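Given next are the chains, with one letter for each unit.
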Amino acid sequence: MRVEITIQRYNVETDVKPRFVDYCLEAGRETTVLLALLKIKSEMDGSLSFRASCRAAICGSCNMQINGVQKLACNTSVFDELDRHGKIVIGPMANMPVIKDMVVDMAPFWDKIRQVKPYVVSHNEHSPVPTAALKTIQDDLHNADACIMCGACLSACNSFEVSPEFVGPAALAKAYRFQVDPRDEIGTNRLAQLQEDGGIWDCVRCVYCVQVCPKEVAPMEQIVRLRRMSIQSGMDTTIGARHITQFVKVVGEEGRLNESRLPLLMLLKHLGKLIQTLPLAIKMLFRGKAVMPFGTPPQGHEVVRAIFKGRKK
Amino acid sequence: MKYAYYPGCAAKGATPELHQSTMKVVDRLGIEVVELEAFNCCGAGVISEADPDLAYLLNARTLATAEVLQLDIMTVCGTCQGVLGGANKALQKDEDLRKRINLELKKTTGLSYNGGVKVKHLQWILVKDLGLEALKKHVSHPLTDISIAPFYGCYILRPDSATGFDDWENPVSLEKIIKALGAFPVEYDSRTKCCGFPVFLEKEEIATEMVEKRISDAKDQGGDAMVTPCPLCHMGLDFNQERAEEKHQAKMGASHKLEMPILHLPQLVGLAMGFSSEELGMKRHLVNPAPLIQKIDVM
Ligand code: SF4
Ligand code: SF4
Ligand code: FES
C-alpha cells in the first residue's frame, strides 16, 4: 500500500525553523517506521538524519515522536499508526535541543542520569557480596533495571518541560534501582539529595513517563517508591512529603479530603508560604469554594476510621 | 440507565458547582442516580503513595457498596475515575489482591467486593451509554460559533491500563460531546497534559508555568473557554490563573490576557440545555465566565 509520511526537517546549522516534508512510499504490514525512514534515506533523500542501530528495541537509539508520542521507530508499525491516528507525522524527541531532523542532543538526559550516582556505592572494594540478598533483588527492583536509556520519558515529562532543573523520570528510576541494591552502601545520602528542588518532589505525576516507556520501567512508580522511602526514613518535612502525610491524616479522620484543612496542615511548618497563600484562600471563601477547615466530619467517616485503625494494626 | 453516583471530595467540597450542574444535567437527560452519601475519598493517587493497600481498601469499600446496590458507578471527576476505576480493574484482575483486601475489609467493615461493578465517568456515559444522538435531542440552545478547548488532564487517560475508554494518544470523547452541543472543538497540543494542580502548593513555579502554557495554547488556537472532566484540573486552571496571568503578561506584554473561563463538563452540557449560569453555579469560578455567557446569549 502507498502511504504518506510527513517528516519534520531541521538543521540547526542552516535552518531558521523546522519545515514539514511529505514522502510517499510503498509499505506493508511488516513495515516499521524505522524501515520506512531507512527506505526514504536510501531511495529518496540521503540527507535525512536519525539514529538507529539494533532494529530490535534494545539499543534505545531510535526514539522519536511519532504522531506526537515518543516511540521507538524500530518497534512501531506504520499500519498501526495509520489505524490509530489516520496519519503519520514524525519529529524529534521534545524537551531536548534538535541537532538535525530526528537527531537530538541527549546531553540533558545523560547529565541527569549522572546526577543521581547511578552506580553501586561501596566504601570497601572487598566487601563480601551479599549473595542471599541478591537472590531476591528482582522483587524489589520492580523492573527499574530494564531501562535502555532511550530518553522517551524525559522527552515526554510534563515537569521537565517547564522546569529544566528537574532530574526527571529515567534518572530517578535509576536512583531507585541502586537505592534498593543490597550492595549499595550510600544509605540515605542519595535520597537526601533528592529532597532538594529538582528532586523527587518536582514530579507532577502526569503518568506520561509510564505510558511512553518502551520497557515498562514505570519511572513514576519508582519515584513514588523513593517518596515512600524518604518519608519512612524521616525525611518528611518538605511540603511535598507533607502533602502525602497530611492527606492521609485528614482522610483518616474525616473519610474525605477537606480542601481547606489540607493546605493548612501542609504549610504548618512553612509559615511564609502559608501567608502567601492566604489571599487566594480568602477569595475562595467568598466564592463559596472553601469548606470549613474544622467542622463535623461528613457521613461515613466512622467506617473510614475503622479501616484506618485496622490498617495500623 | 441507573448508576450509583460517586461525587468525590471535590464536588462535595471546593467545587460544589460540579455537583450542582451534574444534578441538573442528569435529571434532564433521564439518567437516574443514587448518590453514595456516605462515600469516602478515593485517595487521589496520594494515599497510595503512602500505603497502596490502604488506597485499595478505601476503593474496595466504595465498590462493594455499589455492588450491594447492584449498580455501576458514575464518577464526575477525572482523578476519581482514574484512581477508583484503576483500583477496580486491579481488584477484578488480580485474585490474590482481591482476597487480601477483602479479608481486611470484611474485618473492619463487614463488606467484601466480588468484582461485579463497572466505574464510568459521566463523559463516557454521555458518549456511550446515553449516546450522542440522545444527548443532541436535549440540546435546546446549541452553542453555535463557540470554540471550546477540551482539556482531558491526566488520570482519565493515563495509565491506559487503568482507564481504557479513549485512546490516550488520540482521545475523542470530549470533542464528540462538544460537537454534539453545537460548539466547535479547538485542536491544541495541551489537551492531554498536566494542569499543575498536584504541585499547586509545593512547587508553585512549576504549577503556574504549566497553567500559563496550557491556557495560552488553548487561547492561541481560538478557544473561548476550556472544558474539563476533572475538578482538580478545574482548580488548577481556574484558581491558579491569576498567577499564570501575571506570568503571561510578563512574557507577552500587558495587553495579552488569558482570561480563560474553565468549565466543568456538566456546566458546558447544561449551557446547551438552556440552564442559566446561576443554575450551573458558574458564579463560583474565580475567572469570570460572563464574556462567554454573553457570547452564547447573543448567538
Ligand atoms: S509522572 Fe513525573 S516523572 Fe513521569 S513524566 Fe510526569 S512529571 Fe515526569
Ligand atoms: S525509563 Fe523507559 S522511557 Fe525512560 S529512558 Fe529508560 S527505557 Fe526509555
Ligand atoms: S534501533 Fe535500537 S531501539 Fe530502535
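In this report, we go over the structure that sits alongside the text.

Rules used in this analysis
- Residues numbered from 1 in each chain as written.
- Chains lettered and ligands numbered in written order.
- Predicted model: local features only at pLDDT ≥ 70, side-chain atom pairs only at ≥ 80, totals over all residues.
- Heavy atoms only, no water.
- Helix = DSSP H or I, 4+ residues; strand = E, 2+ residues; numbered from the N terminus.
- Buried < 20%, exposed > 50% of the residue type's maximum accessible area, 1.4 Å probe, protein only.
- Contact = heavy atoms within 4.5 Å.
- Lys, Arg positive; Asp, Glu negative; His and termini not counted.
- Charge placed at Lys NZ, Arg CZ, Asp CG, Glu CD.
- Core = buried A, V, L, I, M, F, W, Y, C linked by side-chain atoms within 4.5 Å.
- Buried area = accessible area lost by both parts, 1.4 Å probe.
- Salt bridge = Lys/Arg side-chain N within 4 Å of Asp/Glu carboxyl O.
- Nonpolar A, V, L, I, M, F, W, Y, C, P; charged D, E, K, R; others polar.
- Near = heavy atom within 4 Å.
- Arc of directions from axis to C-beta.
- Patch = residues over 30% accessible without salt bridge, like charges linked within 9 Å, V, L, I, M, F, W, Y side chains within 5 Å.
- Areas by Shrake-Rupley, 256 points an atom, 1.4 Å probe, with all protein chains shown as cover.
- Pairing = 2+ DSSP bridges.
- Axes fitted to C-alpha atoms, helices over the stretch in contact; angles between N-to-C directions.

### Topic: the overall build of chain A
Reasoning step 1: When helices and strands are counted, chain A shows 15 helices and 7 strands.
Reasoning step 2: Across the 313 residues of chain A, 52% fall into the buried class.
Reasoning step 3: Looking at chain A alone, contacts between residues at least 24 apart form 64% of all its contacts between residues at least 6 apart.
Reasoning step 4: If you average the places of the 40 positive and of the 33 negative side-chain charges in chain A, the two averages end up 7 Å apart.

### As for the nonpolar core
Reasoning step 1: If you look at the biggest cluster of nonpolar residues, it comprises 198 residues, and the most contacted ones within it are A:Leu37 and B:Met226.
Reasoning step 2: Per-element accounting of this core gives the leading share, 8 residues, to helix H4 (residues 52-69) of chain B.
Reasoning step 3: With residues near it in sequence (within four places) discarded, B:Met226 still touches B:Ala149, B:Phe151, B:Tyr188, B:Arg214, B:Ile215, B:Ala218, B:Leu237, B:Met260, B:Pro261, B:Ile262 and B:Leu263.

### Things to note about the environment of A:Ala36
Residue and element names in this part refer to chain A.
Reasoning step 1: Within the secondary structure layout, Ala36 lies in helix H1 (residues 33-43).
Reasoning step 2: Spatially, the C-alpha atom of Ala36 lies 17 Å from that of His85, the residues being 49 residues apart in sequence.
Reasoning step 3: Not counting residues up to four positions away in its chain, the partners in contact with Ala36 are Ile5, Leu25, Thr31 and Val78.

### Considerations on the interface of chain B and chain A
Reasoning step 1: With 65 residues of chain B at the contact, the number on the chain A side is 57 residues.
Reasoning step 2: Between chain B and chain A, roughly 5,500 Å² of surface is buried when both sides are summed, and carbon and sulfur atoms account for 58% of that area.
Reasoning step 3: It is B:Glu49, B:Glu169 and B:Leu201 in chain B that bury the most area against chain A; as a group they hold 14% of the surface buried on that side.
Reasoning step 4: The tally of links from chain B across to chain A stands at 11 salt bridges.
Reasoning step 5: Taken together, the elements giving at least two residues each to the side of chain B that touches chain A come down to helix H1 (8-11), helix H2 (16-29), helix H3 (47-50), H4, helix H6 (95-109), helix H9 (204-220) and helix H10 (231-239) of chain B.
Reasoning step 6: When its residues are assigned to classes, the side of chain B that touches chain A shows 31 nonpolar, 12 polar and 22 charged.

### Observations concerning the site of ligand 1
Reasoning step 1: All residues in the neighbourhood of ligand 1 are listed as A:Cys157, A:Ser159, A:Phe166, A:Pro169, A:Cys203, A:Val204, A:Arg205, A:Cys206, A:Val207, A:Cys209, A:Met220 and A:Ile223.
Reasoning step 2: When grouped by side-chain class, the residues that make up the shell around ligand 1 number 10 nonpolar, 1 polar and 1 charged.

### Observations concerning the environment of A:Thr296
Reasoning step 1: Position of A:Thr296 relative to the elements: it lies in the loop between helix H14 (271-286) and helix H15 (301-312).
Reasoning step 2: On a C-alpha basis, the gap between A:Thr296 and A:Glu254 in space is 8.5 Å, while along the polypeptide they are 42 residues apart.

### Notes on H1(A)
Residues and elements named next belong to chain A.
Reasoning step 1: By the burial criterion, the buried members of H1 are Val33, Leu34, Ala36, Leu37 and Ile40. Projection of H1 onto a plane perpendicular to its axis shows the buried side chains occupying an angular sector of 160°, all on one side. Along H1, the residues that are exposed and aim more than 90 degrees away from the buried face are Ser42 and Glu43.
Reasoning step 2: Contact partners of the buried residues in H1: strand S1 (2-9), strand S2 (19-26), strand S3 (63-66), helix H2 (78-85) and strand S5 (89-91).

### Considerations on a nonpolar patch on the surface
Reasoning step 1: Side chains of A:Ile275, A:Leu278, A:Ile282 and A:Phe286 sit close together on the surface and give an oily, nonpolar patch of about 460 Å² of accessible area.
Reasoning step 2: Inspection of the secondary structure puts A:Ile275 in helix H14.

### So, the sheet that holds strand S8 (residues 262-264) of chain B
All names here are of chain B.
Reasoning step 1: Across the sheet, 4 strands lie side by side as S6-S5-S7-S8; this open sheet has parallel pairing. For this open sheet the edge positions go to strand S6 (184-185) and S8, each flanked by a neighbour on one side alone.
Reasoning step 2: The sheet contact formed by strand S7 (residues 225-228) and S8 spans 3 bridges and is parallel. Paired with Val227 across the strands is Leu263, a residue of S8.
Reasoning step 3: H10 rests against S7 and S8 of the sheet, and its axis sits at about 165° to S8.

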